[in-house]
Amino acid sequence: MKFFLVVFVLIFNIVSAQNIYWSENQKLVWDNFKSKTNNLGGATVVAYTHCGWEYSATTSSDPKVPVKITIQTVFNENKSWKDVKRINNYVLVHEQKHFDIAEIHARKLRKEVSEKIKTIADYNKFFKTIYAKISSEYKNYQADYDRVTEHGMNKEKQAE
């Protein structure tokens, strides 16, 4: 019975998880921030955008076969939250920029992958290193963005 319950919970979480894939024509709205939990614990943070990348690779056991890699920028609604008493359009723009920064780094990742990885052998040899490098740059950039803009509260720096 416990196994069935665990499987049901896992399936429910997968089905109910709402992901938004980055698109130039679609901007975040406050209704996209569905989590009720402030996981950061900081009273100064008004909202949190949980975003990053999903990737898939079509591979083969033959190392000479071309590889197809797809990389998408994704926003997870169920892990993104807001303080409903303090949100405004200005804060929403700041949160959108976090999502945009994820897309910028996804483009860097796509570019480097397309330049250096052509075959399964290339994928096996280079992908993890390339991913780790771009991922580290991405995390540092996101942290710097929040630090410099003071989580969007420094309007002059935010405007830059």
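Heads up: these notes are all about the structure in this document. Since the model is a prediction, treat every value here as computed from it, not as a measurement.

1. Side note on the overall build of the protein
Reasoning step 1: Tallying secondary structure elements over the protein gives 4 helices and 5 strands in all.
Reasoning step 2: Its helices and strands in sequence order give the protein the pattern α-β-β-β-β-β-α-α-α, from N to C terminus.
Reasoning step 3: By residue count, 34% of the 160 residues in the protein fall in the buried class.
Reasoning step 4: Of the accessible surface of the protein, which amounts to about 10600 Å², a share of 57% is contributed by carbon and sulfur atoms.

2. Regarding the pairing of strand 4 (residues 68-76)
Reasoning step 1: Sheet analysis places strand 1 (residues 19-21) next to strand 4, joined by 3 bridges and oriented antiparallel. Residue Y21 lies in a different strand from strand 4, and its bridge partner there is V74.
Reasoning step 2: With 8 bridges joining them, strand 3 (residues 51-58) and strand 4 adopt antiparallel strand pairing. Counted as the bridge partner of W53 is T73 from strand 4.

3. Some details on the pattern of salt bridges
When their charged atoms lie close together, side chains carrying opposite charge are able to pair.
Reasoning step 1: Under the counting rule described, the total for this entry stands at 10 salt bridges.
Reasoning step 2: Here E77 ties to K34 by a salt bridge, and the two come within 3.9 Å at their closest N and O atoms. Here E77, found in the loop between strand 4 and strand 5 (81-82), pairs with K34, found in the loop between strand 1 and strand 2 (47-48); they are 43 residues apart in sequence, far enough to count as distant.
Reasoning step 3: Take K34: its relative accessible area is 39%, and that puts it in the partly exposed class.
Reasoning step 4: A salt bridge links E115 to K111; the shortest N-O distance between them is 2.6 Å. Linking E115 with K111, this pair stays in helix 2 (residues 89-116), spanning 4 residues, or about one helical turn.
Reasoning step 5: Connected via shared salt-bridge partners are E103, R107 and R110.

Basis of the calculations
- Residues numbered from 1 in each chain as written.
- Predicted model: local features only at pLDDT ≥ 70, side-chain atom pairs only at ≥ 80, totals over all residues.
- Heavy atoms only, no water.
- Helix = DSSP H or I, 4+ residues; strand = E, 2+ residues; numbered from the N terminus.
- Buried < 20%, exposed > 50% of the residue type's maximum accessible area, 1.4 Å probe, protein only.
- Areas by Shrake-Rupley, 256 points an atom, 1.4 Å probe, with all protein chains shown as cover.
- Pairing = 2+ DSSP bridges.
- Salt bridge = Lys/Arg side-chain N within 4 Å of Asp/Glu carboxyl O.

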